[in-house]
Amino acid sequence: MKLVTSVAGMKALARQWRKDGRRIGLVPTMGYLHQGHLSLIRESRRRTDVTVVSIFVNPTQFGPNEDFKKYPRDLKKDSAYLRKAGVDCLFHPDAAEVYPPGYRTYVQVEGLEDRLCGRSRPGHFRGVATVVLKLFDVVGPDLAFFGAKDAQQVLIIRRVAEDLNLDTEVVTCPLVREADGLALSSRNSYLSAEERKAALVLSRSLRWAERAVAAGERDAAKVVASIRAMIEAEPLARVDYVEAVDPGTLEPVAELHSDVLIALAAYFGKTRLIDNISLNV
Ligand code: AMP
């Protein structure tokens, strides 16, 4: 596995691969890798000739009071994990390589970036869209792999790729959960044993919603209120939002029909977790 830390080095390597006719897959991550990331890597290896994983804790997607400084990092462990997974290249630039002094250009996706997580994390998706566009430019992937865990993120990146006529195909991979239902996340490492147990309410409430809809419930407000009540009944949880939205526009829906995304975020102590479920009613 090649370790590349410079933009110029990554561009040169990708240029050579393209010249050799190899199809490039990119899996952007912030590191502290887990099975969720691994599922994207596997899909990339299955569908492309060379897989690049980027590890970059992107400062522009963190708010001033968020966890940028303490976001978990373990490059040694991650490198070993990626090598074992058969990844061809780890792209690991530092912040000054991605945002050199004088940097001023940002990507905004109007109408999508201020909903759901964007409402409680102003500027977050501007940072995400910007860094992903930059990664696409540097690596020039044929395919790029993202997890359905971050449903709003992948929708926004799809929009960027389409609106800016990018040559990269955006692939969404299924959300990976622990055996007990907790959605895998690097941030789970922040949770105490009690908080981790309490956090199971998120997947439990979404599974309940899935069953309610399967049993014929169509009133979005009712389902959302019940999910909220289930989470609020957990003393260690604090709801950020629960919404049932159109998965293409993220606009709230009144009735549960055709495709619906139920998305939520909640705090357990200082840790903010997200989860979601896509329903085809
Ligand atoms: P992160 O390192 O958290 O920024 O995530 C990097 C990529 O992995 C994103 O596309 C995420 O959606 C994806 N990812 C993170 N957790 C999961 C999960 N539990 N299941 C599927 N994909 C995930």
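Everything in this summary refers to the structure shown in the same document. (Residues numbered from 1 in each chain as written. Predicted model: local features only at pLDDT ≥ 70, side-chain atom pairs only at ≥ 80, totals over all residues. Heavy atoms only, no water.)

## What to know about the pairing of strand β9 (residues 271–280)
And then number 1: The buried count for β9 comes to 8 of 10 residues, which makes it a mostly enclosed element.
And then number 2: Here strand β8 (residues 259–268) runs beside β9; their pairing, made up of 10 bridges, is antiparallel. In the strand pairing of β9, F268 is matched with T271.
And then number 3: Remark: 2 residues form the turn of the hairpin made by β8 and β9, two consecutive strands paired antiparallel; G269 in that turn has positive phi of roughly 65°. (Buried < 20%, exposed > 50% of the residue type's maximum accessible area, 1.4 Å probe, protein only. Helix = DSSP H or I, 4+ residues; strand = E, 2+ residues; numbered from the N terminus. Pairing = 2+ DSSP bridges.)

## Things to note about helix α6 (residues 124–139)
And then number 1: Helix length check: α6, at 16 residues, gives a terminal C-alpha distance of 22 Å against a target of 22 Å (1.5 Å per residue), a fit within 8%.
And then number 2: Among the 16 residues of α6, 12 are classified as buried, and the element is accordingly described as predominantly covered.
And then number 3: Positioned one or two residues after α6, G140 has a phi angle of 60°, which is positive. (Expected span 1.5 Å × (residues − 1).)

## What to know about the sheet that holds β9
And then number 1: With antiparallel pairing, 3 strands are arranged side by side in an open sheet as β7-β8-β9. Looking at which strands have only one partner, the edges of the open sheet turn out to be β7 (237–245) and β9. Averaged over neighbouring strand pairs, the angle between their axes works out to 15° when direction is ignored.
And then number 2: Sitting on the sheet, helix α9 (residues 200–214) touches β8 and β9, and the angle it makes with β9 is about 15°. (Axes fitted to C-alpha atoms, helices over the stretch in contact; angles between N-to-C directions. Contact = heavy atoms within 4.5 Å.)

## A closer look at the sheet that holds strand β5 (residues 143–147)
And then number 1: Spatially, 6 strands are ordered β1-β4-β3-β2-β5-β6 in an open sheet, and the strand pairing comes out parallel. Every interior strand has two partners, whereas the edge strands, β1 (2–4) and β6 (169–173), have only one. Each neighbouring strand pair of the sheet contributes to a mean axis angle of 25°, computed without reference to strand direction.
And then number 2: The sheet contacts of helix α3 (residues 75–84) involve β3 (50–55) and β4 (89–91), and relative to β3 the element is tilted by about 165°.
And then number 3: The sheet contacts of helix α7 (residues 151–163) involve β5 and β6, and relative to β6 the element is tilted by about 165°.

## Re the pairing of β5
And then number 1: Buried residues dominate β5, accounting for 5 of its 5 residues.
And then number 2: The alternating pattern of β5 places L143, F145 and G147 and A144 and F146 on opposite faces, both of which are buried.
And then number 3: Both strand β2 (residues 24–29) and β5 contribute to a ladder of 2 bridges, which runs parallel. Paired with G25 across the bridge in β5 is L143.
And then number 4: The sheet contact formed by β5 and β6 spans 5 bridges and is parallel. From the neighbouring strand, F146 faces β6, where its bridge partner is T172.

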